[in-house]
Amino acid sequence: MIAPADRAQLRREGPTVGLIVALAGSAMLLLALGWQLTFFQDTWAFLMGRQPWSAASLLNPHNEHLVVFQVATEKALVEVFGTGTNHPEMVVMTATLLVSAALVFVWIGRRVDRWLALMAAVLLLFLGSAWQVLLWPFEIEFTAPIAAGMGMLLALEREDRHGDLLACLLLVVGIGFGSLGLSFAAAAIVEVFLKRRSRGWGRAYVFVVPLALYLGWYAGWGHDAEHHLTLHNILASPLYVAEGMAAAVGSLSGLSTAPIVGSGPPEWGRPLLLALVGLAIYRLWRRPAVSLSFWPVAAAALSYWVLGAFNFIPGREAASNRYQYAGGLFVLLIAAELLRGVRLRPRALMVAGAVVALAVFSNLAQMKDGYDWLKGQTVLTRADTGAIDIARGTVPPWFGLTPEIAGTPSLIDVNAADYLPMVREHGSPGYSPRELASAPEVGRRQADIVLSQALQIGAVVEAGATISDGRGCTRVEPGAAGEVPLAPGRTRIGVDPGPHASFSLRRFAEGEYPVVMAGAPGQSVTTLAIPRDRSTRSWILHVEAAQPVLVCGR
């Protein structure tokens, strides 16, 4: 039996200790996973497209979003640490996640049992169904506004001038990191309006100043951004809001059915949402009044999903995993307000803890799946950019990593004209030639394809020609699958009379020849030009022919 004094101390200090353990565990897990990854997708637009410290670099919208602080953070990290690794941005991202969870714990702990507040924080820290937000530092556009927004809500609860000033500053920070900050501006507007009689309108600057700065940015830069507000999106917004809430509930419960890439309907989230709505109605029937602080968070949540609905395009579905972190947060905040004052008995807390543990376990499995996918993208990214590094003396400025060349659509922002100056100044995130030689096979294979295009390996076929002098040449016998190492420079491939011969190349790949050449007809000479580059590893020519073939170097 636990003594009453010990039980009281556990109830008083246990949640704080549990939070510290959860924060430490989350930090170690996220950094351990993130340490194996590299820059991904939209991050390249910041790394290469916004290199100078200029107003345009900082204030140009990304899609339709103001991202001035995100750009400034990325650029500062690059200036200090370079672009050889994304570890610094992963540390910053993890810090915003930890701060957000700690502030959520404090905010919810002022409304319900602090053990329940701990459970809410744990759900956010290990929300693996939102793995993009947890493992992709670019998504600081979600986590930083949430950290700033939660700080703003807590500052407003001070009910004094210093709290209002801090709330205003935090709202500026939140909006400057991304459009999610506008949802917390909606919360500030509602909070000031509700307390106008007791505290007056003089504190309206809390939201007026941040929104004025945002509108100034929009007038100068943001109005040029593409927007997707249509009548169809407006009319479909109620369904989008409902789907967003259902997806968030499904994610928190560990029952998200969204695939790793793309999105799927929240099959479990829908019935769970209906059940929670029913419980909320019952709760309000038993206790009709809600706290004034319910309405600001309700306004923030509603604006989040409505703005998402208004700007919907394919790829921005409400159930997309990158939207589940903020959605899960708002569901937890609303639930805390509806449960305000609830203190559960120890047995009920144990049941709730077991449910949360199951949800976390399921979410960790989803995080592992997301990490595996990002790890695969990391291999391709490091291999493809490493190939550009190898070909830097030959690759034309217009060369870009299109999906057909790169093997992934996540590198469409990478082109030689912007990439190579970045590498010269800040270092390369790509594999070195030695690392590439031992990289996973999918990376080595794709590097060969990128190299063949970046080096512009060309072949000129002369039909009817023959190689008269075969001295110093390698003879590939009929029907043999010949492999011939090639030196940089020109190589002549003479095909004797007969059917069409097939040629292919590999360099870093093993057991396959990913670079397929056009081949040549019988009785012809093909001149193959291979530029010299920064790797000493030889290309291997693979010949398939029913007749003798001569491969002659310079």
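Criteria and thresholds
Residues numbered from 1 in each chain as written. Predicted model: local features only at pLDDT ≥ 70, side-chain atom pairs only at ≥ 80, totals over all residues. Heavy atoms only, no water. Pairing = 2+ DSSP bridges. Helix = DSSP H or I, 4+ residues; strand = E, 2+ residues; numbered from the N terminus. Axes fitted to C-alpha atoms, helices over the stretch in contact; angles between N-to-C directions. Core = buried A, V, L, I, M, F, W, Y, C linked by side-chain atoms within 4.5 Å. Buried < 20%, exposed > 50% of the residue type's maximum accessible area, 1.4 Å probe, protein only. Contact = heavy atoms within 4.5 Å. Expected span 1.5 Å × (residues − 1). Salt bridge = Lys/Arg side-chain N within 4 Å of Asp/Glu carboxyl O. Parallel < 35°, antiparallel > 145°, perpendicular 65-115°, else oblique. Nonpolar A, V, L, I, M, F, W, Y, C, P; charged D, E, K, R; others polar. Disulfide = S-S within 2.5 Å.

A. Quick peek at the sheet that holds strand S7 (residues 524–530). Read from one edge of the open sheet, 5 strands run S1-S7-S4-S9-S2, paired in antiparallel fashion. Because the sheet does not close on itself, it has two edges, and the strands there are strand S1 (458–463) and strand S2 (473–476). Adjacent strand axes in the sheet meet at a mean angle of 20 degrees when their direction is disregarded. The pairing of S1 with S7 spans 6 bridges and is classified as antiparallel. Of the residues in S7, the one forming a bridge with Ala 463 is Ser 524.

B. Quick peek at the nonpolar core. Within the largest apolar cluster, 103 residues are counted, with the highest numbers of intra-cluster contacts made by Ile 108, Leu 135 and Phe 330. Residues contacting Phe 330, with those up to four places away along its chain left out, are Leu 180, Ser 183, Phe 184, Ala 300, Ala 301, Tyr 304 and Trp 305. Listed in part, the 52 residues of the second largest apolar core include Leu 411, Tyr 419, Leu 486 and Trp 539.

C. The arrangement of the environment of Trp 131 in detail. Position of Trp 131 among the secondary structure elements: in helix H7 (residues 131–135). Spatially, the C-alpha atoms of Trp 131 and Leu 329 are 15 Å apart, while their sequence positions differ by 198 residues.

D. Geometry of helix H15 (residues 294–310). Compared with an ideal rise of 1.5 Å per residue, which puts 17 residues at 24 Å, H15 spans 24 Å between its outermost C-alpha atoms and is within 8% of the ideal. Of the surrounding elements, those touching the buried residues of H15 are helix H5 (87–109), helix H8 (140–156), helix H10 (180–194), helix H13 (231–252) and helix H16 (324–338).

E. Structural context of H10. Taking 1.5 Å of rise per residue, 15 residues should cover 21 Å, and H10 covers 22 Å from first to last C-alpha, within 8% of that figure. Across the 15 residues that make up H10, a large majority, 11, are buried. Looking at the packing, one finds that the buried side of H10 touches H8, helix H9 (161–177), helix H11 (196–199), helix H12 (205–220), H15 and H16.

F. Expanded view of the pattern of salt bridges. Tallied over the full model, the rule gives 25 salt bridges. Measuring nitrogen to oxygen at the nearest pair gives 3.3 Å for the salt bridge that ties Arg 340 to Glu 337. Judged by relative accessible area, Arg 340 falls into the partly exposed class, the value being 25%. The salt bridge partner of Arg 507 is Asp 533, with a shortest N-O separation of 2.6 Å. Highlighted residues: Arg 507 in the loop between strand S5 (502–506) and strand S6 (515–516) and Asp 533 in the loop between S7 and strand S8 (539–544), separated in sequence by 26 residues. Each member of the pair Arg 507 and Asp 533 is classed as buried. One network of salt bridges, in which partners are shared, links Glu 159, Asp 164, Glu 191, Lys 195, Arg 199 and Arg 203.

G. Seen up close, the sheet that holds S5. Taken together, 4 strands build an open sheet; the order of strands is S3-S8-S5-S6 and the sheet is antiparallel. The sheet is open, and its two borders are formed by strand S3 (481–486) and S6, each paired with just one other strand. Bridge analysis of S3 against S8 gives 6 bridges, and the strand direction is antiparallel. Residue pairing for S8: Leu 486 is matched across the bridge by Trp 539.

H. Structural detail: the packing of helix H6 (residues 114–125) against H16. Where H6 meets H16, the closest approach of the two axes is 10 Å, and the angle between their N-to-C directions is 170 degrees. Comparing the axis directions of H6 and H16 gives the class roughly antiparallel. Residues Ala 120, Leu 123 and Leu 124 of H6 form the contact with H16, whose own contacting residues are Tyr 325, Gly 328, Leu 329 and Leu 332. Along the lines of polarity and charge, the residues of the contact of H6 with H16 split into 6 nonpolar, 1 polar and no charged.

I. Geometry of the state of the cysteines. What the rule picks out here adds up to 1 disulfide. Put simply, Cys 473 and Cys 552 are joined by a disulfide, and their sulfur atoms are 1.9 Å apart. Residues Cys 473 and Cys 552 are joined through a disulfide that is right-handed, its torsion about the S-S bond being 110 degrees. Of this pair, Cys 473 sits in strand S2 while Cys 552 sits in strand S9 (residues 549–552), placing them 79 residues apart in sequence. Both residues of the pair, Cys 473 and Cys 552, count as buried.

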